[in-house]
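# Commentary on secondary and tertiary structure
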Amino acid sequence: MKTVRKIIQYILAVILALAILALILINIFSSTILSENYVLSKLEEENYYEKIYKDTESNFENYIYQSGLDEEVLNNIVTKEKIEKDTKIIISNIYDKTNEEIDTEEIANQLNQNIEDSLNGNISNSERQAINKFVDTICEEYKSTISHTSYEEKINSIYQKVIQSISLLKKALLIVIVVCVVLIVLLTFKRIHRAIARIGTAFTIDGLILLITNWYINDKIRIEGITILNNAVSEVLRNVLTDILSRIMTYGSILLGLGILFIIIYSLIKSIRKIKREKEQYTPEN
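In this report, we go over the structure that sits alongside the text.

## Focus on the packing of helix 8 (residues 193-220) against helix 9 (residues 231-281)
- Contact geometry of helix 8 with helix 9 gives a least axis separation of 7 Å together with a crossing angle of 150°. If you check the angle between helix 8 and helix 9, you find them roughly antiparallel. Between helix 8 and helix 9 lies a crossing of left-handed hand.
- Of the residues that constitute the contact of helix 8 with helix 9, the class distribution is 21 nonpolar, 10 polar and 4 charged.

Structural data, given as structure tokens:
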């Protein structure tokens, strides 16, 4: 019977460990990539808007050489303030399902005005068609550079499902954790220090899993070499991944430390109880 009880205790400790681990990972992702405010703060931290502004100017210049127009026609058609505003619209589309379109009308108007000023208003019908095509191309390039795509609505749909699932999963995991702790305490009621040991075992398992995961990812994946869309986006992504791994490392270290501490406390209590029993059993000779 004692053996069966111990087996059940260890099974509960493993379930407790997995539930705590899942809850920690959910909290890490909920407070990072699933948080709109977190993403916006990382964009600010990485000076994202300034970098996109420079990328935009550079990409526009690639088209100006093909058009035969003067480079000055690109002056002041885009501002850093507009890039920041439009980027926040994109983020809001993804996280809040605002479905707001990026307005490129002011870019088109300013560009048309610059071209007319550059050509002194002498524009033929054939030139007007070419200019209209050039303006449309610049506007589309702008959208591409700031990463405005038709996938924002689809991403939001996935995001909403993930958030709903996480909400339910959190509640389920909390119930599992409470039930496991209660059952462990009930199974070790007469020797409550064993409950400390089982919880310590759960913490130790979680700490080791998190630390090994952090080590494995850092060893196998060169985060600083990850590239997606453009340099500005890539740098933000690298920053986010580094932060997530740092949090995993922190949680892992804390849980491993707590696990070892609980096991040490259990060992001390066990030793004290053993010494006490030996003293009670000891009868001095008359």
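## Regarding a negative patch on the surface
- A cluster of acidic residues, Glu-57, Glu-61, Asp-70, Glu-71 and Glu-72, forms a negative patch at the surface.
- Tracing the backbone through its elements, the reader meets Glu-72 in the loop between helix 3 (48-67) and helix 4 (80-96).
- A relative accessible area of 56% places Glu-72 in the exposed class.

## A word on the nonpolar core
- Leu-74 and Leu-111 are the most contacted members of the largest nonpolar core, which totals 64 residues.
- Beyond its immediate chain neighbours, meaning those up to four positions away, Leu-74 contacts Phe-60, Glu-61, Ile-64, Leu-111, Asn-114, Phe-134 and Ile-138.

## A few points about the pattern of salt bridges
- Enumeration according to the criterion identifies 11 salt bridges in this entry.
- With a closest N to O distance of 2.2 Å, Glu-235 and Lys-51 form a salt bridge. You can see Glu-235 sitting in helix 9 and its partner Lys-51 sitting in helix 3, a full 184 residues away along the chain.
- Glu-235 sits in the partly exposed class, given a relative accessible area of 26%.
- Given the relative accessible area of 26%, Lys-51 is considered partly exposed.
- Put simply, Asp-86 and Lys-82 hold a salt bridge, and the shortest N to O gap is 2.9 Å. Note that Asp-86 and Lys-82 are positioned in helix 4 at a spacing of 4 residues, about one turn of the helix. The same class applies to Asp-86 as to Lys-82, namely buried.
- What you see here is one network of salt bridges that share partners, running through Lys-42, Glu-45, Asp-243 and Arg-247.

Quick notes on the rules
Residues numbered from 1 in each chain as written. Predicted model: local features only at pLDDT ≥ 70, side-chain atom pairs only at ≥ 80, totals over all residues. Heavy atoms only, no water. Axes fitted to C-alpha atoms, helices over the stretch in contact; angles between N-to-C directions. Helix = DSSP H or I, 4+ residues; strand = E, 2+ residues; numbered from the N terminus. Parallel < 35°, antiparallel > 145°, perpendicular 65-115°, else oblique. Left-handed = near helix turned anticlockwise from the far one by under 90°. Nonpolar A, V, L, I, M, F, W, Y, C, P; charged D, E, K, R; others polar. Patch = residues over 30% accessible without salt bridge, like charges linked within 9 Å, V, L, I, M, F, W, Y side chains within 5 Å. Areas by Shrake-Rupley, 256 points an atom, 1.4 Å probe, with all protein chains shown as cover. Salt bridge = Lys/Arg side-chain N within 4 Å of Asp/Glu carboxyl O. Lys, Arg positive; Asp, Glu negative; His and termini not counted. Charge placed at Lys NZ, Arg CZ, Asp CG, Glu CD. Buried < 20%, exposed > 50% of the residue type's maximum accessible area, 1.4 Å probe, protein only. Core = buried A, V, L, I, M, F, W, Y, C linked by side-chain atoms within 4.5 Å. Contact = heavy atoms within 4.5 Å.

Geometric values such as these leave the question of function open.
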